[in-house]
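A closer look at the structure
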Amino acid sequence: MKKLISSIVATGLLTYILFATQDKLTRIVMIPFLTFSLAYFLQCVFLLLKKKKLAAVMNKVYVIAFAVYWFCFLVVWDYISIANKEYVSLLFSLIPWIGGGWIIYRKLKRKQ
């Protein structure tokens, strides 16, 4: 119940920020977090309703949304590193690429 309440608060706050702000960059930044909180909220609701398969689907949506956010961040990091000719920074981005790929693989291949 505690997780459900926190996800309701987070979803409500992020929705308010998304629609209240006029800044396009802030809206773009809020979308992934809103997706995370909404997927988590729905997962909690489905678990309360004893719908384990739908809760598992929401968990996958959460993981996929995180993967999109994570890898888009890494693409921007790599683009800026290449544009500024900072190749050492580009090498350091390999660790998050590998770690993110491993986490996503384990989360999506895990038996529910």
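Computed from a prediction, not measured in an experiment: that's the story for all the values here. (Residues numbered from 1 in each chain as written. Predicted model: local features only at pLDDT ≥ 70, side-chain atom pairs only at ≥ 80, totals over all residues. Heavy atoms only, no water.)

1. Concerning the overall build of the chain
Regarding its fold elements, the chain presents 5 helices and 0 strands. Computed over its C-alpha atoms, the radius of gyration of the chain comes to 17 Å, more than 25% above the 13 Å expected for a compact globule of 112 residues. Reported as C-alpha extents along the three principal axes, the dimensions of the chain are approximately 55 × 40 × 20 Å. Expressed as a percentage of the 112 residues in the chain, the buried residues total 27%. A separation threshold of at least 6 residues defines the contact pool for the chain, and within that pool the share at least 24 residues apart is 51%. (Helix = DSSP H or I, 4+ residues; strand = E, 2+ residues; numbered from the N terminus. Rg over C-alpha atoms; globule rule 2.2 N^0.38 Å. Buried < 20%, exposed > 50% of the residue type's maximum accessible area, 1.4 Å probe, protein only. Contact = heavy atoms within 4.5 Å.)

2. Things to note about the packing of aromatic side chains
Inspection of the entire model under this criterion finds 9 aromatic pairs. Taking 5.8 Å as the distance between ring centres and 90° as the angle between the ring planes, the aromatic pair formed by Phe33 and Phe36 counts as edge-to-face. Of this pair, Phe33 and Phe36 both sit in helix H2 (residues 24-48), 3 residues apart, roughly one helical turn. For Phe33, a relative accessible area of 32% gives the class partly exposed. A relative accessible area of 10% means that Phe36 is categorised as buried. (Phe/Tyr/Trp six-rings, centres within 6.5 Å; stacked < 30°, edge-to-face > 60°.)

3. Quick word on a nonpolar patch on the surface
Residues Met1, Ile5, Val9, Leu48 and Leu49 make up a contiguous nonpolar surface patch of roughly 550 Å² in combined accessible area. Locating Met1 in the fold gives a position in the segment before helix H1 (2-20). Accessibility expressed as a relative area gives 68% for Met1, which makes it exposed. (Patch = residues over 30% accessible without salt bridge, like charges linked within 9 Å, V, L, I, M, F, W, Y side chains within 5 Å. Areas by Shrake-Rupley, 256 points an atom, 1.4 Å probe, with all protein chains shown as cover. Salt bridge = Lys/Arg side-chain N within 4 Å of Asp/Glu carboxyl O.)

4. Section: the environment of Cys44
Counting through the fold element by element, Cys44 comes out in helix H2. Taking relative accessible area as the criterion, Cys44 reaches 11% and is therefore assigned buried. Once the C-alpha coordinates of Cys44 and Leu91 are considered, the two residues, 47 residues apart in sequence, prove to be 39 Å apart. Once you skip the residues sitting within four places of it in the chain, Cys44 turns out to touch Lys3 and Leu4.

5. A look at the packing of H1 against H2
The geometry of H1 relative to H2 is characterised by a closest axis approach of 8 Å and an angle of 150° between their N-to-C directions. With respect to their mutual orientation, H1 and H2 come out roughly antiparallel. The hand of the H1/H2 crossing is left-handed. Of the residues contributing to the contact of H1 with H2, the split by class is 17 nonpolar, 5 polar and 2 charged. (Axes fitted to C-alpha atoms, helices over the stretch in contact; angles between N-to-C directions. Parallel < 35°, antiparallel > 145°, perpendicular 65-115°, else oblique. Left-handed = near helix turned anticlockwise from the far one by under 90°. Nonpolar A, V, L, I, M, F, W, Y, C, P; charged D, E, K, R; others polar.)

6. Quick notes on the side chain of Ser93
As for its position among the elements, Ser93 is in the loop between helix H4 (87-92) and helix H5 (94-109). Using a relative accessible area of 1% as the deciding quantity, one classes Ser93 as buried. If sequence neighbours within four positions are ignored, Ser93 has contacts with Leu74, Trp77 and Asp78.

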